[in-house]
Amino acid sequence: QTSAGNKAKTDTEETLVEMGAINLGLHRTIKNSKIFAFFRNLAGIIRACILLKKGDILFLQYPIKKYFTFICTVARFKGAKTISLIHDIGSIRTHRLTTQQEVKRLSHSDYILATNNKMKEWLISNNFQKPIEGLGLWDYRSPYFNKNSHPICNPGNISIVYAGAIHVRKNPFLIQLSKKLKTWNLIIYGKKEELTGWANNPLITFKGFVQPDEFIRTVKADFGLVWDGDSLDTCSGIFGEYLKWNTPHKVSFYLRAGLPIIIWKQAAVTPILEKAGVCIAINTLSELEQKLKELSSDELSKMKENTKRLAERLNQGFFLRQALDNYLSVI
């Protein structure tokens, strides 16, 4: 299975290369050996530090285990600037660092790209003093487009996709949903064996794991669902609460497949999606039935057209290009 984190990083690298950036480290590879990975990463970091020159701008993808402060310090010593794109804030999600430790570490970089404006506000509220901007959405690059994403729109027969890792800590709400779902179709892409207690509901279809590009090319549905936790009433627990601050890669994955989004109203990316006209925002999953009843065929068609345009932007690296253009215009 392709890791969303790796996909976001490799897409970022591809856009940077198109913009004229040079990889100072070693090219990304996938190896199972932790020892091999350790020495390869160390070699890449040493190589980057040697090649770095005065006046360079070094782009980093955060978190970088163990070496982030060291790299930023070397860059400053050699007269280079650092831009750091945040993929994950451990002090919010895993609490392995305190907030103060994370802010202090990030402060070694000259400029920060937070995943969205909510994370930007969180950093500022916790005394982060360096220049900072919000990325918005993750770009998502793929050679495929979905030709099935614009069927005849029928609000009376809606199909909604939930795709991703199925796990007792991440999305047990699906078990409750299987017992209560009555009016719309749920298509689940993932291994249902990781959760127990499923109700036998004819409105739920299990597809198992499908490669991301295959999903983008073939999925037939009206919406993609972004929801985590153990409740139908709110997004709860570690993964659910984290939606208040992070930008789920799953959002871009759905959009790239031509699927408008159904998302928790309090999620950090909801204002971006609402402005783009590509989502239905809900406080509880229980209110979704009424929202879908009120949806007209014209509204659904418009939402899917907006999604198609946004998918093309994601494929071109639009959000990263925009963020970097803003930074370069400032300096």
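Note that the structure is a prediction, hence the values are computed from the model and not measured.

Let's talk about the overall build of the protein chain
From N to C terminus, the protein chain includes 14 helices and ten strands. A compact globule built from 331 residues would reach a C-alpha radius of gyration of about 20 Å, and the protein chain, at 21 Å, matches this within 12%. With the C-alpha coordinates aligned to their principal axes, the bounding extent of the protein chain is approximately 60 × 40 × 35 Å. Buried positions account for 50% of the 331 residues belonging to the protein chain.

Considerations on the sheet that holds strand β5 (residues 159-163)
Strand order across the open sheet formed by six strands is β7-β6-β5-β8-β9-β10, with parallel pairing between neighbours. The open sheet has two edge strands with one neighbour each: β7 (204-206) and β10 (279-282). The sheet shows a mean angle of 25° between the axes of neighbouring strands, taken without regard to direction. As paired elements, β5 and strand β8 (residues 223-226) share two bridges and run parallel to each other. For Val 161, the partnering residue across the bridge sits in β8 and is Gly 224. Against the sheet, helix α7 (residues 173-180) makes contact with β5, β6 (185-189), β7 and β8, and its axis sits at roughly 150° relative to β6, the strand it touches most.

Notes on the environment of Arg 313
Along the chain, Arg 313 falls in helix α13 (residues 297-315). Each C-alpha atom, one on Arg 313 and one on Arg 141, is 9.4 Å from the other, the two residues being 172 residues apart in sequence. In this structure Arg 313 touches Asp 139 and Phe 318, once residues within four positions along its chain are discounted.

Examining the packing of aromatic side chains
According to the stated counting rule, one finds nine aromatic pairs in the structure shown. Relative to Tyr 327, the ring of Tyr 111 has its centre 4.3 Å away and its plane inclined at 40°; by these criteria the two rings are tilted. Here Tyr 327 lies in helix α14 (residues 318-330) and Tyr 111 lies in strand β3 (residues 111-114), a separation of 216 residues in the sequence. With relative accessibility at 8%, the residue Tyr 111 sits in the buried group. Residue Tyr 327 is classed as buried on the basis of its relative accessible area, which comes to 5%. Here the aromatic cluster, defined as three or more aromatic residues joined through ring pairs, consists of Tyr 140, Tyr 189, Phe 215, Phe 253 and Tyr 254. The cationic tip of Lys 192 hangs over the ring face of Phe 206; the distance from NZ or CZ to the ring centre is 4.5 Å. Its end group placed over the ring of Phe 318, Arg 313 keeps NZ or CZ at 4.2 Å from the ring centre.

A short note on the pairing of β10
A two-sided burial pattern is seen for β10, the buried positions comprising Cys 279 and Ala 281 on one face and Ile 280 and Ile 282 on the other. Alignment of strand β9 (residues 261-264) against β10, held across four bridges, turns out to be parallel. By the bridge assignment for β10, Trp 264 is matched with Ile 282.

Here's the deal with α13
The first and last C-alpha atoms of α13 sit 27 Å apart over 19 residues, in line with the 27 Å expected at 1.5 Å per residue. Residues Leu 300, Met 303, Lys 304, Asn 306, Thr 307, Leu 310, Ala 311, Leu 314 and Asn 315 constitute the buried set of α13. Considering only its buried residues, α13 is in contact with β8, α10 (249-256), α11 (270-276), β10 and α14. Looking one or two residues beyond α13, the residue adopting positive phi is Gly 317, at roughly 75°.

Looking at a nonpolar patch on the surface
Taken together, the side chains of Ile 46, Ile 50 and Leu 51 define a hydrophobic patch exposed on the protein surface, amounting to about 280 Å² of accessible area. Its place among the elements puts Ile 50 in helix α2 (residues 34-51). For Ile 50, a relative accessible area of 59% translates into the label exposed.

Cut-offs applied
- Residues numbered from 1 in each chain as written.
- Predicted model: local features only at pLDDT ≥ 70, side-chain atom pairs only at ≥ 80, totals over all residues.
- Heavy atoms only, no water.
- Helix = DSSP H or I, 4+ residues; strand = E, 2+ residues; numbered from the N terminus.
- Rg over C-alpha atoms; globule rule 2.2 N^0.38 Å.
- Buried < 20%, exposed > 50% of the residue type's maximum accessible area, 1.4 Å probe, protein only.
- Pairing = 2+ DSSP bridges.
- Axes fitted to C-alpha atoms, helices over the stretch in contact; angles between N-to-C directions.
- Contact = heavy atoms within 4.5 Å.
- Phe/Tyr/Trp six-rings, centres within 6.5 Å; stacked < 30°, edge-to-face > 60°.
- Lys NZ or Arg CZ within 6 Å of the ring centre and 35° of its normal.
- Expected span 1.5 Å × (residues − 1).
- Patch = residues over 30% accessible without salt bridge, like charges linked within 9 Å, V, L, I, M, F, W, Y side chains within 5 Å.
- Areas by Shrake-Rupley, 256 points an atom, 1.4 Å probe, with all protein chains shown as cover.
- Salt bridge = Lys/Arg side-chain N within 4 Å of Asp/Glu carboxyl O.

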